[in-house]
Every structure is written in structure tokens, then in C-alpha cells.
Amino acid sequence: MGNVGGGTLDILAENGAGIAEKLGFPLEVRAVCNRRGPQKPLPQAFANALRTTNWREVVEHPEVDIVAELVGGTGVAREIVETAMANGKSVVTANKELMALAGAELWDRAASAGINLAMEASVAGGIPIHTVLREGIAGDRLTTLFGILNGTCNYILTEIETRGAEFEDVLREAQAAGYAEADPSADVDGYDARSKLAILAALAFGQRIVPTDIYTEGIRRITPTDFEYAKMLHHTIRLVCSARLTPAGLILSVRPSLVANTTILASVRGAYNAIWARGKFGADTFYYGRGAGPHPTGVAVVSDLMRVARELRSGSPERVSPFAHSSLNEYKPVPSEQHHSAYYLRFRVADRPGIIAQLATALAAENISIDAILQLPNANWRDLPFVITVEPASEGSIRKAIARMTELNFLVEPPLALPMEEGL
């Protein structure tokens with residue numbers, strides 16, 4: 001009965017007639033659990049449903065066929081899902097953390113029990129991206145997937161870019177507006193997006209991804225100055241989730257990156273999500289919409305409830321795995337050091353003669369060629385920002401060059417390195 005649970009009940013109540021018309025039968029809410037209380041009022045359509053603070057009364061209810069787990073996290077939520085399955089109930093969930101961590105295992109358990117597990121709402125709530133990958137473009141062989149999967153980060157970056165506001169100021173505003181949690185780490189440090197990428201990569205590439213195997217950076221270091229320089233380069237900055245199938249294997253990352261203004265991802269602003277996919281046969285497709293919120297996510301939950309209800313009614317013996325593959329292969333992580341692209345390097349230095357020469361020496365030692373040097377006017381020589389862009393190089397060589405640079409005594413902070421994503 002939190003945001004998503006409340007939104008789901010609103011839709012089931014207000015759109016009940018339309019849902020029944022599509023299904024040929026109604027969906028009835030028989031039990032509702034609000035673990036923390038006090039009990040919120042239920043829509044009148046479900047006034048006779050069991051009200052409880054004990055989730056076991058829901059998952060063990062004899063008239064419940066499908067349990068919607070909208071608690072979140074990997075503790076009690078997992079217990080709810082596993083207990084529901086043990087009681088022969090199909091499960092619909094919006095839980096990205098749990099599905100990223102143990103979704104494949106839970107699906108195996110559901111399949112063995114002859115029940116269903118559906119998770120469309122776990123990634124990009126308002127975009128039916130699971131259905132797209134599982135069925136819509138299942139005939140293609142995907143080679144690349146990029147996503148903006150965290151609305152909080154996209155909102156913060158858009159506000160920094162638009163208003164020139166500092167990260168901490170925008171974060172406080174986002175918390176006040178309900179876009180960010182009191183503890184924003186999962187969002188701004190990239191962990192929320194990492195869980196979502198783990199799920200999408202499993203669907204797209206058929207590999208069992210462990211979220212901790214994904215290279216992850218957050219957005220705390222992005223400043224208005226970075227957007228000024230990005231604008232000079234005809235780019236913007238977004239937290240990009242990427243999955244690339246290379247000859248070495250699948251390279252995964254979540255990190256702020258420069259995206260060319262001519263690309264469709266650059267136009268994704270505010271608390272919106274987007275996914276861009278490239279297939280060998282179907283080429284490029286793009287999906288855009290609200291990534292969170294009670295009603296957009298509630299639509300995904302209700303759509304899953306409808307699909308599972310249809311299958312229960314028809315007795316479908318061959319269910320499509322929520323991970324789009326009959327089984328998932330083990331993922332053999334490819335180090336992000338093997339990623340190859342142009343890079344944006346932003347420095348803050350105490351100005352003195354010879355700085356560029358020393359930085360160029362560190363780059364040359366790793367066979368990295370400079371593309372351009374950019375410096376906006378700034379009177380504060382004790383904390384002077386400027387940018388060097390470099391020709392395409394490996395992430396590994398960039399990291400080695402930065403390690404050399406950190407030994408130089410004129411740096412105010414370690415250099416910021418952002419890949420410049422091309423070819424989107």
C-alpha cells in the first residue's frame with residue numbers, strides 16, 4: 001500500500017470495466033496487506049477485501065490466485081515471493097533489486113511449480129520494455145543496449161544543465177519534491193540503475209548477470225562547469241547504462257557519459273526513462289516514457305496481472321520466461337578496461353606554468369592522443385577548471401594515465417573521466 005500499491009489499486013478500481021472487457025472476466029482484489037499501518041482507505045470497489053498487516057494472510061489466502069509483491073528490497077520481499085510460490089500462487093513484482101539478484105533462480109522455482117512470475121514493473125515502470133525484449137523483438141539478435149534508467153539522476157542532471165545549479169542544491173530540491181529518497185545513494189551512486197541494467201541485459205543477451213559485476217559510477221561529481229564544456233563540444237551529460245556485445249564478450253557499465261546533442265538520448269530530460277537497442281537484423285529501436293510514479297508503474301503491474309490471469313484461465317502449459325530465454329548462461333565479466341572510446345577529461349588545478357605539458361606526458365606514456373584542450377575564462381587560479389578531450393582509447397589506458405596524473409601536486413582533485421558515446 002505504498003506509492004506503487006496505491007497506484008495499482010487506483011487503476012484496478014477506476015479501470016476495472018475496461019480490464020474486464022479486455023480479459024473477458026474481472027480481476028477481483030481479495031486481500032490487501034499494509035504492513036506498517038495505519039490502514040489507508042481502499043477504493044469502494046474492494047471494500048469487502050481482507051485488510052491485514054500480516055502479509056502471510058494474503059499469500060496463504062485460499063481465494064488468492066496471484067500475489068502482487070510491491071514491498072521492494074531483498075529481505076521480507078523475497079520471503080513473500082517464496083512463500084507465495086510455496087502456496088501455489090503466481091507472483092507479479094515491481095522489485096528490481098530482488099529480480100536482479102535472484103530473478104532467474106525464482107523463475108526456475110516458479111516454472112518447476114507450474115506457476116508464473118511476472119516483473120514488467122521492475123524496470124522503467126511506464127515503458128513495457130520487458131515485453132519488447134521478451135516478445136516484441138525476440139527474433140532479433142541484439143548487439144547493443146543503452147538506457148537512461150534512473151529518473152532521479154536524469155532529473156538532477158537536467159536541472160544542473162538548465163539552471164546551472166550545483167548538484168547538492170538540486171538534490172535537496174529533488175528530495176523535497178519526492179523525486180529522491182532521504183538517503184539518495186541508491187539513485188545518485190548508480191546502484192538503482194545497475195539493478196535495472198542487470199535485468200535488461202539478462203533479457204537482451206541471455207546471461208545471468210550479477211549486479212556487482214557491472215562497473216558503476218554515480219553523478220555526484222558532475223558540475224555546471226561540466227555542462228558548459230559539454231555544450232562547447234555539442235554534447236550533454238546523462239547517466240548511461242550500457243551493454244555492448246564485443247568479440248571479448250558482454251561489457252556492462254553504469255556511468256555518467258557525454259552524449260552528442262544530435263542523438264535521441266540527449267533529448268531525454270527530467271524524470272523520464274529511455275532505452276535504445278540495436279539488433280543485427282532489426283537495426284535501431286527506441287522506447288521512451290515515465291520511469292517511475294504510482295500510476296505509470298501501476299499500469300505495468302496491472303498489465304502483468306492481466307497476462308498472468310489469462311494464462312491461469314487458459315491453462316497455458318508453455319509460459320515464456322520473464323528473462324526471454326529458456327535458460328540463462330553464466331556471465332563471464334569482461335573488464336570495463338576493454339571498452340574503447342573517446343574521453344572527456346576534466347581537471348581542477350592550482351594554475352602554474354607547465355601543467356598541460358605534464359598532463360600530455362602522462363597521456364603520451366599510455367599512447368593516448370589529445371584531441372582538444374578547452375578552457376573557459378576563470379579568474380580563480382587556485383581552482384582553475386579546464387578540459388582535455390582525447391582520441392579513442394581503451395578505458396584501461398585512460399585509468400593508467402589518470403593514475404600517473406594523481407601524483408602531480410597541482411591537482412585540486414583527481415581528474416574526472418567521462419566516455420564520449422558515439423554512434424547512438
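Notes on the structure follow. (Residues numbered from 1 in each chain as written. Predicted model: local features only at pLDDT ≥ 70, side-chain atom pairs only at ≥ 80, totals over all residues. Heavy atoms only, no water.)

### Points about the overall build of the chain
In terms of helices and strands, the chain carries 14 helices and 17 strands. For the chain, whose C-alpha radius of gyration is 24 Å, the value lies close to the compact-globule estimate of 22 Å for 424 residues. The principal-axis extents of the C-alpha atoms in the chain amount to approximately 80 × 45 × 35 Å. Across the 424 residues in the chain, those meeting the buried criterion constitute 53%. Residue pairs at least 24 apart in sequence account for 72% of intrachain contacts in the chain once pairs closer than 6 positions are excluded. Here the chain has roughly 18,600 Å² of accessible surface; of this, 49% comes from carbon and sulfur atoms. Charged side chains in the chain number 40 positive and 48 negative. The centres of these two groups are separated by 1 Å. (Helix = DSSP H or I, 4+ residues; strand = E, 2+ residues; numbered from the N terminus. Rg over C-alpha atoms; globule rule 2.2 N^0.38 Å. Buried < 20%, exposed > 50% of the residue type's maximum accessible area, 1.4 Å probe, protein only. Contact = heavy atoms within 4.5 Å. Areas by Shrake-Rupley, 256 points an atom, 1.4 Å probe, with all protein chains shown as cover. Lys, Arg positive; Asp, Glu negative; His and termini not counted. Charge placed at Lys NZ, Arg CZ, Asp CG, Glu CD.)

### Considering helix 10 (residues 191-205)
The end-to-end C-alpha separation of helix 10 is 21 Å, in line with the 21 Å expected for 15 residues at 1.5 Å each. Following helix 10 by one or two positions, Gly206 adopts a phi angle in the positive range, close to 70°. (Expected span 1.5 Å × (residues − 1).)

### Regarding the pattern of salt bridges
In total, this model carries 32 salt bridges according to the counting rule given. Between Glu63 and Arg30 there is a salt bridge, with the nearest N and O atoms lying 2.3 Å from each other. Residue Glu63 is located in the loop between helix 3 (55-59) and strand 3 (66-69), and its partner Arg30 is located in the loop between helix 2 (16-23) and strand 1 (31-33); the two are separated by 33 residues in the primary sequence. Look at Arg30 and you get partly exposed, because its relative accessible area is 31%. By sharing partners, the salt bridges in this structure join Arg221, Asp226, Arg346, Arg348, Asp383 and Glu413 into a single network. (Salt bridge = Lys/Arg side-chain N within 4 Å of Asp/Glu carboxyl O.)

### Some details on the pairing of strand 4 (residues 90-93)
Side chains of strand 4 alternate between two faces, with Ser90 and Val92 and Val91 and Thr93 buried alike. Here four bridges tie strand 3 to strand 4, and the two strands are oriented parallel to one another. Bridge pairing in strand 4 places Ala68 opposite Val92. Regarding the hand of the β-α-β motif, the stretch spanning strand 3, helix 4 (residues 76-86) and strand 4 is right-handed. Direction of pairing for strand 4 relative to strand 5 (residues 117-118): parallel, over a ladder of two bridges. Along strand 5, the bridge assignment pairs Val92 with Ala118. One crossover worth recording links strand 4 to the parallel strand 5 by way of helix 5 (residues 96-113), and it is right-handed. (Pairing = 2+ DSSP bridges. Right-handed = clockwise from strand over helix to strand, strands pointing away.)

### A look at the sheet that holds strand 4
The three strands lie next to each other as 3-4-5, forming an open sheet whose pairing is parallel. The open sheet has two free edges, formed respectively by strand 3 and strand 5, since each of these has just one partner strand. Strands in contact with helix 4 are strand 3, strand 4 and strand 5; relative to strand 3, the strand with the most contacts, it is inclined by about 175°. (Axes fitted to C-alpha atoms, helices over the stretch in contact; angles between N-to-C directions.)

### Looking at the environment of Glu391
Checked against the element boundaries, Glu391 lands in strand 16 (residues 384-394). You can call Glu391 partly exposed: its relative accessible area is 36%. For the pair Glu391 and Leu98, spaced 293 residues apart in the sequence, the C-alpha separation amounts to 40 Å.

### Things to note about the side chain of Glu311
Relative to the helices and strands, Glu311 resides in helix 12 (residues 294-314). Accessibility expressed as a relative area gives 14% for Glu311, which makes it buried. Of note is the side chain of Glu311, whose polar atom sits 2.4 Å from the side chain of Asn116. (Polar contact = N/O pair within 3.5 Å; in protein donor to acceptor, adjacent residues only side chain to side chain.)

### A closer look at the pairing of strand 10 (residues 249-260)
In terms of burial, strand 10 is a largely internal element, twelve of the twelve residues being buried. Pairing of strand 8 (residues 215-216) with strand 10 involves two bridges; the strand directions are parallel. When the sheet's bridge partners are listed, Tyr215 is paired in strand 10 with Ser253. One ladder, built from twelve bridges, connects strand 9 (residues 235-246) with strand 10; its direction is antiparallel. Across the sheet, residue Ser242 finds its bridge partner in strand 10, namely Ser253. Hairpin connection, strand 9 to strand 10: the antiparallel pair is bridged by two residues.

### Details of helix 5
The first and last C-alpha atoms of helix 5 sit only 22 Å apart over 18 residues, clearly below the 26 Å expected at 1.5 Å per residue. Ala102 marks where helix 5 bends most, by close to 80°. Buried within helix 5 we find Leu98, Met99, Ala100, Ala102, Gly103, Ala104, Leu106, Trp107 and Ala110. Contacts made by the buried residues of helix 5 are with helix 4, strand 4, strand 5, helix 10 and strand 7 (207-208). For helix 5, the N-terminal cap is Asn95; the gap from its side-chain oxygen to the backbone nitrogen of Glu97 is 3.3 Å. Of the residues one or two after helix 5, Gly114 is the one with positive phi, at around 75°. (Bend = angle between axes of the 7 residues up to and from the residue.)

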